[in-house]
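Okay, here's what each chain looks like letter by letter:
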Amino acid sequence: MAPYIGTPTSRIDGIAKVTGAAKYAAEFNVPGGVLYGSIVPSTIAKGRIVSLDTSAAMGVEGVATVLTHDNRPRMAGRDQDYKDDVAPDGSPFRPLYDDRVMFNGQPIALVVAETSEIARFAASLVRVEYESEAHVTDVFRQRDDAVPVKATSPEGAMFAPPKPRGDAAKALAAAAVRHDAEYYVPIEHHNPMELYAATVIVEGDGTFTVYDKTQGVQNVQRYLCGVFGMKPEDVRVMSPFMGGGFGSGLRPQFEVVLAMLAARALQRSVRVVLTRPQMYALGYRPAMIQRIGLGATTGGTLEAITHDAITVTSQYEDFYRQETGWSGLLYKCANAKYAHRLAHLDLPTSCDMRAPSAAPGVYALEAAMDELAVALKLDPVELRLRCYSDRDQHENRPFSSKALRECYRQGADAFGWSKRNPEPRSMRDGSDLVGWGLATGVWEAMQMPITVRIVLSANGHAEVACATSDIGTGTYTIMAQVAADALGLPLDSISIKLGDSSLPQSPVEGGSWIAASVANGIVTTAEAIRAELLRLAKQMPNSPLSNASSDELTLVDGQLASKHDSARTVSIADAMRHGGVERIEQEKTTTPAEDTARSHNVHSAIFAEVNVDEQLGVVRVTRVVSAVAAGRILNTKTAASQILGGVVWGIGMALHEETLIDHRFGRIMNANIAEYHVPVNADVHDIKVIFVDEPDDSNPLGIKGLGEIGIVGVAAAVANAVYHATGTRVRNLPITLDKLHRM
Ligand code: MOS
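Scope of this entry: the structure provided in the associated data block.

Here is what the cut-offs are and how they apply
Residues numbered from 1 in each chain as written. Predicted model: local features only at pLDDT ≥ 70, side-chain atom pairs only at ≥ 80, totals over all residues. Heavy atoms only, no water. Buried < 20%, exposed > 50% of the residue type's maximum accessible area, 1.4 Å probe, protein only. Helix = DSSP H or I, 4+ residues; strand = E, 2+ residues; numbered from the N terminus. Pairing = 2+ DSSP bridges. Salt bridge = Lys/Arg side-chain N within 4 Å of Asp/Glu carboxyl O.

1. A look at the pairing of strand β25 (residues 553-556)
Here is step 1: With burial as the criterion, only one face of β25 is covered, namely that bearing L553 and L555; the residues T554 and V556 on the opposite face remain uncovered.
Here is step 2: Bridge count for β25 against strand β26 (residues 559-562) is four bridges, and the pairing is antiparallel. Bridge pairing links V556 to Q559 in β26.
Here is step 3: The turn linking β25 back onto β26 is made up of two residues, and D557 within it adopts a positive phi angle of 50 degrees.

Here it is, written out as structure tokens:
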């Protein structure tokens, strides 16, 4: 049987998804039905609720209750009870807790009714009087008051800027060639297809079953236990499918708190589904004002890198990631310095969004490197190669593997980069200006402790269980592939259970770490299954494996076989039947080995072609080649889809996406996917994904993960191509046609 790992295997849950059999959080029904909650959002950005008149709403037939801070069930009073696994430093938001309003769109009441239509209508009848306070939602107005990030927890410290090296200010001042400029990335929202929703089912024995849209069922379970003083056995959280998360579901969101509040108040099962505009009151990618200074020799090597950033967060939590550190990691440079300040705005707390920190930070670095290449009259690929770093200079250690040179080479070949005329405005396609741009991408390769249970039945079926989520990335499928290979069974003999807090421990699905974590976890547990099978096989009369050790055995084609002597085999079925065993169950925790001697990263090279209408400034991204080095690829089909999706999003970041706030009201003006522009089919043309070979021994399977690398660098590649096409350098995203008016 050929291995499944590495093959372009179609999603095992694909048929369930396209036929509607796969259920999402808002689709679980119970006998007797559910009540529907509709949120009343605040219409001011900051202040207090003076009064809430719910009488008209309560008078609507079919309304069960209107919950507000005045009449809600008890909730915890301490910040620590609201801290989830990935909460930043600060005081987490508490929905319907008190009369304070901290952002526009904040849920301030929940109308619960027999139907969602009644609930929504009644919600429109709730009258609110506020006492407004002055607010600020404009990062440019707040930039002078931004404060240096100050970690108050070990988690916070992980994301503080890296230590400087050398004397960057002096080296920059003395450099033969300098580039120093400010770049801007606006607030962006996640916009997953599936709306955030929670269905809380009252089980009658005092326990609750919760279907919630989340990237971490156990995180939500712990959080609900904290907020409502419940025990883990009182609440089971499930999320078998998720229609896109991108980081917006790492932290528990308010829909689940509201649904639980209503379920507890009424002792009825309750569903809360956010509307698309309400989705914009969840987290967002923080806006980022950044200044990059690059100092180089005339020979195209770097002497100095300075990276100063301002990112935004709420007034109540300090969310930030290591936005600036990528600059000093990616290129060889003896002198580097970083600064990161936070602007506190009257908005919800910002949060992780696909490749948090790297997507905006590397955009600026890679746009700046392009500008440096122009100043040096050097090909952009050649500049990257002259500045190539084989070591992580923050930690002064090598990488476990880094095939970025191959990414540049294979990407350039596939794209036809050698035919590029370096002169801006020199290439044309009919009346369009044509531009070719390059950028580098980088992300982390992480593995987390995880527990996997496998139950092998004598009929040759195996069930693999772990509380991880599949946020649409293909986790079900890669888990089945790895288990099939590790157990020597056909793919369709494997069933996967995930997205259920009652299953063995998993971290949230994020950081691109789940593939490496769960796949190696499956291998560990499969080894325990194999050892148990060997114990049974040895008990058989004249066992061909009587003196074999588990390590020299493999499970293949339903057999326990010696790696050295293919004649020595025992079938799994025979071993179990002889032992009188119907099922073998093993549950093992896999904790990644500490490897402080090496750094673990994934890399990419992105080549983009744009056609720009010279009269109108309309930009089309006609071709992208993304060459990715991310260790072993488990599934070339779902992996390529991950990268492709990241490239599409990168096109959006470059050309379309921007959350627009009316700062007079602190309210988002384009809180819907008609006016918040994302790439549509007509914006997406030819995208080619290349995985370069990158053997890595950081974990037994050599996996690095690639959920996030796909977006990193894409916006810069497109922006650099736009410069090459037009000769106009736009340093504030998105590059809309009005910004190209002077070309
Ligand atoms: Mo990812 S932004 O860690 O879901």
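2. Some remarks on the pattern of salt bridges
Here is step 1: Per the stated rule, a full pass over the model turns up 36 salt bridges.
Here is step 2: D99 is paired through a salt bridge with R48; the nearest N and O atoms lie 2.8 Å apart. Of the two residues, D99 sits in the loop between β4 (89-90) and β5 (100-101) while R48 sits in strand β2 (residues 47-53), which places them 51 residues apart along the sequence.
Here is step 3: Residue class for D99 comes out partly exposed when judged on its relative accessible area of 23%.
Here is step 4: For R48, a relative accessible area of 34% translates into the label partly exposed.
Here is step 5: Taking the shortest distance from any N to any O, the salt bridge between R321 and D352 comes out at 2.8 Å. Here the residue R321 occupies a position in the loop between β16 (317-318) and α10 (325-330), and D352 occupies one in the loop between β17 (335-344) and α11 (358-376), the gap between them amounting to 31 residues.
Here is step 6: Judged by its relative accessible area of 12%, R321 is buried.
Here is step 7: Connected through shared salt-bridge partners, D370, E371, R729 and R731 make up one network.

3. Looking at the pairing of β26
Here is step 1: With three bridges connecting them, β26 and strand β27 (residues 569-571) associate as antiparallel partners. Bridged to A561 within β27 is T569.
Here is step 2: The hairpin formed by β26 and β27 contains six residues between the paired strands.

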